[in-house]
Amino acid sequence: MHRDMIAYGILSLPDGIDYYVKREAVMKKDYSKLWTLFKSMFILSACTFGGGFVIVSLMKKKYVEELQWLEEDEMLDVTAITQSAPGPLPVNASVIIGYRLAGVVGSLTAICGTILPPMIIISIISLFYEQFRTNPYIATALQVMRAGVAAVIFDVVINLAGNVLKTKRILYIVMMITAFTATYILDVSAMLIILTCLGIGLVDLAVTIRKKKGTVA
């Protein structure tokens, strides 16, 4: 996660200038991936039903496992950031992934690929809303799709929990269990849980940086 925060400009390195020069050079080479980025985002957005968690799972399979543009821990960080930030989760994820690959141009490309399919589909549905609402076949199809959506969301939960367990950090594992208990059993607001985890994460980051500075000194 620290590496990603450095990449996003949140942290700095002693040799920061060389790092950013190399990073900009890599990003320029990645402009050739813009069409693939737009096309993949467009297809994922057009074929995804069930909300942000579903598309994040599909993004992971696409950009981590298939295209290998991102690392597993990077996708985990993207998921955490998009959940914490305001706005639709798929759009937030596309902004970060696009920027990670090709800077601002990549973000704009990914956003266009993400928002165009729902905008087109919803615009068409709005013209025939009454027919869609009362059609029994469409109602049955939506019911069946919910079962598939539940399975995909469950897959996301298993993958994210597995990634947290792989860190072998007691703090992260305890936070995950506590957050699940608070939201599922105690019905605590998700926003409060996210802000609390953010605060703990910042404190943990500050302690880690201080320890590293002490080791270097």
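Residues numbered from 1 in each chain as written. Predicted model: local features only at pLDDT ≥ 70, side-chain atom pairs only at ≥ 80, totals over all residues. Heavy atoms only, no water.

Attention now moves to the overall build of the chain. Of regular secondary structure, the chain possesses 10 helices and zero strands. Ordered by position in the sequence, the α and β elements of the chain form the string α-α-α-α-α-α-α-α-α-α. Counting every position in the chain, which comprises 217 residues, the buried fraction comes to 29%. When contacts within the chain are restricted to residue pairs at least 6 apart in sequence, those whose partners lie at least 24 apart make up 58%. Entry remark: accessible area of the chain is about 13900 Å², with carbon and sulfur atoms responsible for 71%. (Helix = DSSP H or I, 4+ residues; strand = E, 2+ residues; numbered from the N terminus. Buried < 20%, exposed > 50% of the residue type's maximum accessible area, 1.4 Å probe, protein only. Contact = heavy atoms within 4.5 Å. Areas by Shrake-Rupley, 256 points an atom, 1.4 Å probe, with all protein chains shown as cover.)

This part takes up the side chain of Ser107. Its location among the elements puts Ser107 in helix 6 (residues 89-127). Not counting residues up to four positions away in its chain, the partners in contact with Ser107 are Ser94, Val95, Gly98 and Tyr99.

So, about the nonpolar core. In terms of nonpolar packing, the biggest core is built from 18 residues, with Leu37, Met41, Met59, Tyr63, Met75 and Ile97 touching the most fellow members. Going through the elements one at a time, helix 3 (34-46), helix 4 (52-66), helix 5 (72-84) and helix 6 are the ones with two or more residues in this core. Per-element accounting of this core gives the leading share, six residues, to helix 6. Once you skip the residues sitting within four places of it in the chain, Ile97 turns out to touch Leu37, Met41, Met59, Tyr63, Leu70, Met75 and Val78. (Core = buried A, V, L, I, M, F, W, Y, C linked by side-chain atoms within 4.5 Å.)

The next subject is the environment of Tyr99. Among the secondary structure elements, Tyr99 is positioned in helix 6. Overall, the relative accessible area of 31% leaves Tyr99 in the partly exposed class.

Even without being a glycine, Lys168 presents a positive backbone phi close to 60°. Here Lys168 shows up in the loop between helix 8 (136-167) and helix 9 (170-184). Look at Lys168 and you get exposed, because its relative accessible area is 70%. Here the phi dihedral of Asp187 falls at roughly 60°; this positive angle occurs in a residue that is not glycine. Secondary-structure assignment places Asp187 in the loop between helix 9 and helix 10 (190-216).

What follows is about helix 8. If you check helix 8, its first and last C-alpha atoms are 48 Å apart, about what 32 residues at 1.5 Å a residue would give, namely 46 Å. Listed in full, the buried residues belonging to helix 8 are Val149, Val156, Asn163 and Val164. The opening residue of helix 8, the one whose side-chain oxygen lies 2.8 Å from the backbone nitrogen of Tyr137, is Asn135. With its phi angle positive at about 60°, Lys168 sits one or two positions after the end of helix 8. (Expected span 1.5 Å × (residues − 1). Polar contact = N/O pair within 3.5 Å; in protein donor to acceptor, adjacent residues only side chain to side chain.)

On to the environment of Leu101. Within the secondary structure layout, Leu101 lies in helix 6. For the pair formed by Leu101 and Leu34, sequence separation is 67 residues and the distance between their alpha carbons is 8.6 Å.

Across all of its chains, the model carries four aromatic pairs by this definition. Ring geometry for Tyr63 and Trp69: centres 5.7 Å apart, planes at 20°, overall stacked. The burial state of Tyr63 is the same as that of Trp69; both residues are buried. Arranged with centres 5.4 Å apart and planes meeting at 10°, the rings of Phe180 and Tyr184 form a pair that is stacked. With Phe180 and Tyr184 both in helix 9, this residue pair falls four residues apart, about one helical turn. Summarising the burial analysis for this pair, Phe180 and Tyr184 share the class exposed. Through pairs of rings, three or more aromatic residues link up here, namely Trp35, Phe38 and Phe42. (Phe/Tyr/Trp six-rings, centres within 6.5 Å; stacked < 30°, edge-to-face > 60°.)

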